Amino acid sequence: MDHIDWNEQAKRLLKSELVKRGVSNEELAFLLKEFGGKETKASIDSKISRGTFSAAFLLQCLNALDCKDFDPIIKEYSVVEESRAKYYRTKQIEQASK
């Protein structure tokens with residue numbers, strides 16, 4: 001890992017947490033309002049697209065999503081790919097147990 005694009009990694013982390021929970025950016029805006037946030041779907045779209053949001057915004061989002069556990073360690077594969085691998089593994093286990 002010669003160079004890590006930290007903005008890209010933060011964006012992927014947040015997007016993967018949204019995907020895992022099936023939460024849209026519009027729903028995230030609603031959840032953030034419960035925490036006193038003033039984000040709109042458009043502002044969230046823009047922040048996530050750029051990947052240039054504050055640590056405070058990331059923490060607000062993770063709390064709004066009731067995220068209690070995530071792995072912030074950046075490995076050679078992307079955060080999004082990691083969550084998909086876990087998802088598919090879970091699905092395989094569920095199907096095997098039927």
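Shown above is the structure to which this text applies.
Residues numbered from 1 in each chain as written. Predicted model: local features only at pLDDT ≥ 70, side-chain atom pairs only at ≥ 80, totals over all residues. Heavy atoms only, no water.

Engineer: For this particular structure, what's the right way to read the nonpolar core?
Structural biologist: Within soluble globular proteins, side chains that are nonpolar generally end up buried alongside one another. Judged by nonpolar contacts, the single largest core of 17 residues is most densely connected at L14, L18, L28, L32, I44 and F57. Elements with a minimum of two residues in this core: α1 (6–21), α2 (25–33), α3 (41–50) and α4 (55–64). For this core, the leading source of residues is α4, giving 5 residues. Setting aside its immediate chain neighbours within four residues, I44 contacts N25, L28, A29, L32, E39 and F57. (Core = buried A, V, L, I, M, F, W, Y, C linked by side-chain atoms within 4.5 Å. Buried < 20%, exposed > 50% of the residue type's maximum accessible area, 1.4 Å probe, protein only. Helix = DSSP H or I, 4+ residues; strand = E, 2+ residues; numbered from the N terminus. Contact = heavy atoms within 4.5 Å.)

Engineer: Would you take a moment to explain the side chain of K11 for this structure?
Structural biologist: Position of K11 relative to the elements: it lies in helix α1. If we ignore the near neighbours within four places in the chain, the residues touching K11 are I48, S49, G51 and F53.

Engineer: Would you mind going over the pattern of salt bridges with me for this structure?
Structural biologist: Close approach of charged atoms allows side chains of opposite charge to pair. In this structure the tally under the stated criterion is 7 salt bridges. Linking R12 and E8 is a salt bridge whose minimum nitrogen-to-oxygen distance equals 2.9 Å. Remark: E8 and R12 occur in helix α1; sequence separation between them is 4 residues, near one turn of the helix. Here K41 ties to D45 by a salt bridge, and the two come within 2.7 Å at their closest N and O atoms. With K41 and D45 both in helix α3 and 4 residues apart, the pair spans about one turn of that helix. We classify K41 as partly exposed; its relative accessible area is 39%. Since its relative accessible area comes to 27%, D45 is described here as partly exposed. Here the salt bridges share partners, and the residues they tie into one network are E8, K11 and R12. (Salt bridge = Lys/Arg side-chain N within 4 Å of Asp/Glu carboxyl O.)

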